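# Architecture at a glance
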Amino acid sequence: MTAVLENVHMRWRNYILVRDGEFSSFWKAHFAERTRSVLFVCGKGFDPRTCIALRTIAELANGALTETMALVFDESEGTLTQDLREKAASNWKEMEGLIVGKGLSTSHKITFRTADGRRVGARNAADVFKEEARISTFSDIIVDISAMPRSVYFPLIARLIYFYDELKRKQKPAPNIYVVVAEDPVLDCQIREEGIDETASFLHPFEGEFNREATGQQPKVWIPVLGEGRTTQFDRIYDLVKPDEVCPVLPSPSRNPRRGDDIVMEYRDLLFDQLRLDPRNIIYSSEYNPFEVYRQIRKAAIQYHDVLGLIGGCKIALSALCSKLMSLGVLLVGYELKAANSLQIGIAHIECQGYDMPDSVVPNPQPVGLWLAGECYG
């Protein structure tokens, strides 16, 4: 019988989340509080939201911006159109202007594929920080995921939280860990993935134990957070997980009050005709709050684990087919419950070989900041 987890410590029961006008106010007060040493990590990408958070933080840092690290994505030829390459170059030019004379500027290349075509981007993203000493000299580390793909920021943030935990366990100084993003769920669904891989896989370091023969007969529960335009990804991840139970998460409340209903209509054939989904399995969670997504998924995962523990347990797969902000809730659940060895949890993901963004896109981003680890948690 597996261990009961219903009373497992909820790491992010209390949390700090700032958005819109609070975003600037928070950083202004934070940098004024005391002398700080900040590492800002961002992606060198085409997304029009790339520089939004950096503009605010560079302006308010008051000399605290010690280092800005840009992640350069080394992808295969044809991944980006010429138009998107030009947008990425324009963003980088603006970034250079924002950080000039404000600390060290570095870059780190992340290779996504080996010469024989194997996907290695997630492991290389985790290895941006290979040792605790690399982060222990900073008081604050800010990761801006606005221009990062999920296969980069999931392992990168997980590695940073892990190093934070290790430094605290050894009673050594550990930096505050933040994630910032210029949130725009409409834009997230308009940036289309092209050349979607034929097969999905489990994302490092959340591979779980889905391939172990010893647990091969355990029931599998899949909790995907759904967004628009991801039905192909949904279908291929389903083929990987082969779940016995599916609990889709829909955004509600959201900017568009009908967004959850629209997503249900888009996935109707998959959910109800093919999977015969019981509507009672649908989970609703706020589009605005990744900590709420974390709570809802966490609750469902633990309930399934505890109930099915009576017959030997289950395996739980999570997937983020949604906006970047909501996807962070998936990351937090995966990180927290992965540490509970009696719960077999993995994050199922599928890669693509390119992107497309319509020229007609008019971004309407709202800066959001999450404080994930550090002094505020005592």
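Presented here is an overview of the structure given in this document. None of the values given here were measured: they were computed from a predicted structure.

### Looking at the pairing of strand 6 (residues 176–183)
In terms of burial, strand 6 is largely enclosed, as 8 of its 8 residues are buried. Pairing analysis gives 5 bridges linking strand 5 (residues 140–144) to strand 6, with the strands arranged parallel. Residue Val143 lies in a different strand from strand 6, and its bridge partner there is Val179. A crossover connection joins strand 5 to the parallel strand 6 through helix 6 (residues 150–169); in handedness this β-α-β unit is right-handed. Bridge count for strand 6 against strand 16 (residues 366–373) is 7 bridges, and the pairing is antiparallel.

### A word on the pattern of salt bridges
A full pass over the atoms with the stated rule returns 25 salt bridges. For Glu207, the salt bridge goes to Arg123, with nearest N and O atoms at 3.3 Å. On the criterion of sequence distance, the pair formed by Glu207 in the loop between strand 8 (201–202) and strand 9 (220–226) and Arg123 in helix 4 (residues 121–126) is long-range, its members being 84 residues apart. Asp261 is paired through a salt bridge with Arg258; the nearest N and O atoms lie 3.9 Å apart. With relative accessibility at 42%, the residue Asp261 sits in the partly exposed group. The network of salt bridges with common partners includes Glu33, Arg34, Arg36, Asp140 and Glu375.

### A few points about the side chain of Glu287
Looking at the secondary structure, you find Glu287 in the loop between strand 12 (283–285) and helix 11 (290–308). For Glu287, the side chain forms a polar contact with the side chain of Arg259, separated by 2.6 Å. Not counting the four nearest positions on each side in its chain, Glu287 is found in contact with Glu183, Pro185, Pro251, Ser252, Pro253, Ser254, Arg255, Arg259, Leu325 and Met326.

### Things to note about the sheet that holds strand 16
Taken in spatial order, the 7 strands make up an open sheet running 1-16-6-5-2-3-4, and their pairing is mixed. Strands with a single pairing partner mark the edges of an open sheet, and in this sheet they are strand 1 (16–19) and strand 4 (104–111). Recorded for the sheet is a direction-independent mean angle of 20° between the axes of neighbouring strands. Inspection of the sheet shows strand 1 paired to strand 16 by 4 bridges, in the antiparallel sense. Residue pairing for strand 16: Ile16 is matched across the bridge by Trp371. Sheet contacts for helix 1 (residues 21–33): strand 1, strand 2 (38–43), strand 5, strand 6 and strand 16; angle to strand 1, the most-contacted strand, approximately 120°. Running at roughly 155° to strand 5, helix 2 (residues 52–60) makes contact with strand 2, strand 3 (65–74), strand 5 and strand 6 of the sheet.

Cut-off values and rules
- Residues numbered from 1 in each chain as written.
- Predicted model: local features only at pLDDT ≥ 70, side-chain atom pairs only at ≥ 80, totals over all residues.
- Heavy atoms only, no water.
- Buried < 20%, exposed > 50% of the residue type's maximum accessible area, 1.4 Å probe, protein only.
- Helix = DSSP H or I, 4+ residues; strand = E, 2+ residues; numbered from the N terminus.
- Pairing = 2+ DSSP bridges.
- Right-handed = clockwise from strand over helix to strand, strands pointing away.
- Salt bridge = Lys/Arg side-chain N within 4 Å of Asp/Glu carboxyl O.
- Polar contact = N/O pair within 3.5 Å; in protein donor to acceptor, adjacent residues only side chain to side chain.
- Contact = heavy atoms within 4.5 Å.
- Axes fitted to C-alpha atoms, helices over the stretch in contact; angles between N-to-C directions.

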